[in-house]
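Residue-level listing of the chains:
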Amino acid sequence: MDKRFKNIKLVVIDIDGTLVDTSGQIGEKTISLARELKRFGIYCTLSSARSFHYSAHIAEELEIEKPFVTLDGALIKDLKNNIVYKGTIKETVIEKTIKLAEANYGKITMCDEENLFITPRNLVIKEYTRLNAPIKEVSGFENVKDILEILVYCEDKSSLHVIREGLKFPRTIGVSLSVTKSPTNEYYLLTIKKKGSDKLKSVKRLVNYLGLNRSNIAVIGDWHNDMPLFDFGAYNIAVQNAIPELKRKADYVTTSTNNDDAVGEVLEIFYNYKLKGGS
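Because the structure is a prediction, the values reported are computed rather than measured. (Residues numbered from 1 in each chain as written. Predicted model: local features only at pLDDT ≥ 70, side-chain atom pairs only at ≥ 80, totals over all residues. Heavy atoms only, no water.)

A. Just the overall build of the chain, in detail. Regarding its fold elements, the chain presents seven helices and 14 strands. Relative to the globule expectation of 19 Å for 279 residues, the C-alpha radius of gyration of the chain, 19 Å, shows essentially globular dimensions. By its C-alpha atoms, the chain is 65 × 35 × 30 Å across when sized along the principal axes. Split into buried and exposed, the 279 residues of the chain put 53% on the buried side. The long-range fraction of contacts in the chain, counting pairs at least 24 apart against all pairs at least 6 apart in sequence, stands at 58%. (Helix = DSSP H or I, 4+ residues; strand = E, 2+ residues; numbered from the N terminus. Rg over C-alpha atoms; globule rule 2.2 N^0.38 Å. Buried < 20%, exposed > 50% of the residue type's maximum accessible area, 1.4 Å probe, protein only. Contact = heavy atoms within 4.5 Å.)

Shown next, in the form of structure tokens:
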């Protein structure tokens, strides 16, 4: 077994495509071993694009005591509502984004800790993609507070380009922008967050908060947004169904997919190592 297992104290787990299967269920082995490993000083936590609302019930099922990362790094919080980090977007950025989107055929939704807000003008967003928070319809965004993520959808690239250019430095300082294209080519998506509200920086924040270092961390993932974590210097684990780029960066690739409890496979390796005297 890998000698680095000796130092592992925290296992950071992505949710969709990694921890849960296609029906959203966690494997029985994972549930059991996540609890058992605490006896050996190894704790599990989460790092996901999901909202706190949709991550919390999973944290409860795994009896996670540590804070967990949600909205791809915009919020670190535990089940007792202790906040380690909250990347709230300035109201001036929200106002600027709304104006740019309305002038350039963009559709907007915004997330706080619990909800994804949609106005009547933007209801079409429901048809675009699976959303990571409960939908709350509001008449307008004027009274929405503590926004952690803004999503702007455009059907054509040129419209999105204009919106993105309008939000670039120095017009909006302290904002990070990322653009992706839907797998079905139906739309382009601009994600707006407070600068530094990404998975890697927030996992670093969590590690520092817990008084650990990267040699104490194992990360498990499957997708593009997990790529930065694999440059952290932790013990990198890719599930069998992960993208090839992530597998190439991995120290270990599971034989199981997320549908066959890949995380349980990993936790069992750590558990057996401890049972055999690893410390």
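There's more to say after this.
B. Examining the pattern of salt bridges more closely. A full pass over the atoms with the stated rule returns 15 salt bridges. A salt bridge links Asp231 to Lys249; its shortest N-O distance comes to 2.8 Å. Placement of the pair is Asp231 in the loop between β12 (217-221) and β13 (235-238) and Lys249 in helix α6 (residues 244-249), with a sequence separation of 18 residues. Relative accessible area serves as the criterion here: at 54%, Asp231 is assigned to the exposed category. Classification of Lys249 as partly exposed rests on a relative accessible area of 31%. Linked through salt bridges whose partners overlap, the residues forming this network are Lys77, Lys86, Glu113 and Asp146. (Salt bridge = Lys/Arg side-chain N within 4 Å of Asp/Glu carboxyl O.)

C. Representation of the nonpolar core within the structure. In terms of nonpolar packing, the biggest core is built from 69 residues, with Val11, Leu19, Ile217, Leu267 and Phe270 touching the most fellow members. Broken down by element, the residue count for this core peaks at seven residues, all from helix α7 (residues 262-275). For Ile217, the contacting residues outside a window of four places in its chain are Ile8, Leu10, Val12, Val207, Leu212, Phe232, Ala234 and Tyr235. Membership of the second largest hydrophobic core comes to 23 residues, among which are Met110, Ile150, Val152 and Cys154. (Core = buried A, V, L, I, M, F, W, Y, C linked by side-chain atoms within 4.5 Å.)

D. α7, seen in detail. Helix length check: α7 (14 residues) gives 20 Å between terminal C-alpha atoms against 20 Å at 1.5 Å per residue, within 8%. Taking burial as the measure, the 14 residues of α7 include ten buried ones, the bulk of the element. Among the residues making up α7, those that are buried are Ala262, Val263, Gly264, Glu265, Val266, Leu267, Phe270, Tyr271, Tyr273 and Lys274. Backbone geometry just downstream of α7 places Gly277 in the positive-phi region, at approximately 105°. (Expected span 1.5 Å × (residues − 1).)

E. Layout of helix α1 (residues 28-36). Buried within α1 are the following residues: Thr30, Ile31, Leu33 and Ala34. Contacts from the buried residues of α1 go to β2 (43-46), α2 (52-61) and α7.

F. Quick look at the side chain of Asp226. Note on placement: Asp226 falls in the loop between β12 and β13. Judged by relative accessible area, which is 1%, Asp226 ranks as buried. For Asp226, the residues in contact, after removing those within four places along its chain, are Asp14, Lys199, Gly221 and Leu246.

G. Region of the structure containing the packing of aromatic side chains. One pass over the full model with this rule turns up six aromatic pairs. Look at Phe5 and Tyr235: their rings are 5.4 Å apart centre to centre, the planes differ by 80°, and that puts the pair in the edge-to-face class. Taken together, the residues span a long stretch of sequence, with Phe5 in the segment before β1 (10-13) and Tyr235 in strand β13 at a distance of 230 residues. According to the relative accessible area criterion, Phe5 is buried, its value standing at 7%. Centre to centre, the rings of Phe52 and Phe68 are 5.2 Å apart; their planes meet at 5°, and the pair counts as stacked. One end of the pair, Phe52, is in helix α2; the other, Phe68, is in strand β3 (residues 68-70), with 16 residues separating them in the sequence. Each member of the pair, Phe52 together with Phe68, is buried. Following the ring pairs from residue to residue traces out a cluster consisting of Phe5, Tyr235, Phe270 and Tyr273. Sitting over the face of the ring of Tyr43, Lys66 holds its NZ or CZ atom 4.5 Å from the ring centroid. A cation sits over an aromatic face here: Arg205 above Tyr85, 3.7 Å from the ring centre. (Phe/Tyr/Trp six-rings, centres within 6.5 Å; stacked < 30°, edge-to-face > 60°. Lys NZ or Arg CZ within 6 Å of the ring centre and 35° of its normal.)

So yeah, pure geometry; function would need other evidence.
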